[in-house]
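# Reading the structure
Each chain, written out:
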Amino acid sequence: MSSVWNERAEAYRQSEAHREGEDLDLLVEWAAGGRTALDVATGGGHVARRLREAGLQVVSSDPAPAMQPDVVCRAEDLPFADGSFDVVACRLAGHHFTNVLAALREMARVSGDRVLVVDNLYMGEAREEADHLRDPSHVRNYTVDEWRELYSGAGLHIEDLRTFDKELEVEPWLARSGCAGDDAARVRALLGDQIREGWTSLDRIALKGRKS
């Protein structure tokens, strides 16, 4: 699957939808006071960039070499010692993980303090089908309650939890994953009246946790 992300790397580096956002600003706020950070599944590198701008020493990781991470690895297999980083952050990647609980446990293991996650929320089976059709690397979005259970299962206490609406322009969203033709038409049909004037809205969650 990393070969797919190698092909998409530049599109995600340039993506306006990923470069900025209320959720990204919140991660920077939550990371304040930390000296070292790990950006898990860095993708276009936007979390790492913002945390470095905020003065943290950041290591980025990703399974796709073309994303230009400092360390090439899966979130489920982080090659770092216990408690290596003050802050471990992961933005918009959990829904791609084969075993999200295993990944979260790894993030908790290598964190000495905080684990920060942002991801899209479950919005029904039609939306899940659309997400998977648009991008076959999509595994699943989770509900707020499921995220609470995941944090608990990783030995993390949720200190803060926020939800957001995220507006996305549909055609660039489809293009980033190479979804076109009949597949793109089916995605538009599945979203139905969730598309208005070329835009759709996602529900997003941000969680700040510490070790219990």
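Residues numbered from 1 in each chain as written. Predicted model: local features only at pLDDT ≥ 70, side-chain atom pairs only at ≥ 80, totals over all residues. Heavy atoms only, no water.

## Quick look at the overall build of the chain
Scanning the chain for helices and strands turns up nine helices and seven strands. Projected onto its principal axes, the C-alpha coordinates of the chain cover approximately 45 × 35 × 30 Å. Counting only residues that meet the buried cut, the chain has 52% of its 212 residues in that class. Taking the contacts inside the chain whose residues are at least 6 apart along the sequence as the reference set, 72% of them involve residues at least 24 apart. Per element, the accessible surface of the chain, about 9,500 Å² overall, is 47% carbon and sulfur. (Helix = DSSP H or I, 4+ residues; strand = E, 2+ residues; numbered from the N terminus. Buried < 20%, exposed > 50% of the residue type's maximum accessible area, 1.4 Å probe, protein only. Contact = heavy atoms within 4.5 Å. Areas by Shrake-Rupley, 256 points an atom, 1.4 Å probe, with all protein chains shown as cover.)

## Examining the side chain of His138
Turning to its location among the elements, His138 is positioned in the loop between helix H6 (125-134) and helix H7 (144-153). The buried category is assigned to His138, whose relative accessible area is 5%. Non-local contacts of His138, meaning those with residues more than four positions away in its chain, are made with His95, His96, Glu128, Asp131 and His132.

## Side note on the packing of helix H5 (residues 100-110) against H7
In contact at an axis separation of 9 Å, H5 and H7 are set at 50° when each is read in the N-to-C sense. Between H5 and H7, the angle is such that the two are oblique. Crossing hand, H5 versus H7: right-handed. Packed against H5, whose contacting residues are Val100, Leu101, Leu104 and Arg105, the element H7 presents Trp147, Leu150, Tyr151 and Gly153 at the interface. (Axes fitted to C-alpha atoms, helices over the stretch in contact; angles between N-to-C directions. Parallel < 35°, antiparallel > 145°, perpendicular 65-115°, else oblique. Left-handed = near helix turned anticlockwise from the far one by under 90°.)

## Re the environment of His138
Residues His138 and Val110 lie 28 residues apart in sequence; the distance between their C-alpha atoms is 25 Å. A polar atom in the side chain of His138 sits 3.0 Å from the side chain of Glu128. (Polar contact = N/O pair within 3.5 Å; in protein donor to acceptor, adjacent residues only side chain to side chain.)

## Brief notes about the sheet that holds strand E6 (residues 156-169)
Across the sheet, seven strands lie side by side as E3-E2-E1-E4-E5-E7-E6; this open sheet has mixed pairing. Across the chains shown, the open sheet's two edge strands, defined by having one partner strand only, are strand E3 (71-72) and E6. Bridge count for strand E4 (residues 85-91) against strand E5 (residues 111-120) is six bridges, and the pairing is parallel. Bridged to Val87 within E5 is Arg114. Packing against the sheet, H7 makes contact with E5, E6 and strand E7 (199-211), and its axis sits at approximately 140° to E6. (Pairing = 2+ DSSP bridges.)

## As for the packing of aromatic side chains
By the definition in use, this model includes two aromatic pairs. Where Phe80 meets Phe85, the ring centres are 5.2 Å apart and the plane angle is 85°; that geometry is what we call edge-to-face. Owing to a relative accessible area of 17%, Phe80 belongs among the buried residues under this scheme. Aromatic side chains Tyr142 and Trp147 sit 5.9 Å apart centroid to centroid with 80° between the ring planes, which places their arrangement in the edge-to-face category. Trp147 gets classed as buried once you look at its relative accessible area, which sits at 1%. (Phe/Tyr/Trp six-rings, centres within 6.5 Å; stacked < 30°, edge-to-face > 60°.)

## What to know about the pairing of strand E1 (residues 36-40)
Burial of E1 is extensive: five of the five residues sit out of reach of the surface. Here E1 shows a buried face lined by Thr36, Leu38 and Val40 and a second buried face lined by Ala37 and Asp39. Following the chain from E1 across helix H4 (residues 46-53) to the adjacent parallel strand E2 (residues 57-62), one finds a crossover that is right-handed. Two elements, E1 and E4, share four bridges in a ladder whose sense is parallel. For Ala37, the partnering residue across the bridge sits in E4 and is Val87. (Right-handed = clockwise from strand over helix to strand, strands pointing away.)

## As for H4
Those residues of H4 not exposed but buried are His46, Val47, Ala48, Arg50 and Leu51. Just past H4, the residue Gly55 takes up positive phi, approximately 100°.

## Details of the pattern of salt bridges
A full pass over the atoms with the stated rule returns 18 salt bridges. Note that Glu53 is salt-bridged to Arg49, the shortest N-O span being 4.0 Å. Residue Glu53 and its partner Arg49 are located together in helix H4, separated by four residues, close to a single helical turn. We classify Glu53 as exposed; its relative accessible area is 57%. (Salt bridge = Lys/Arg side-chain N within 4 Å of Asp/Glu carboxyl O.)

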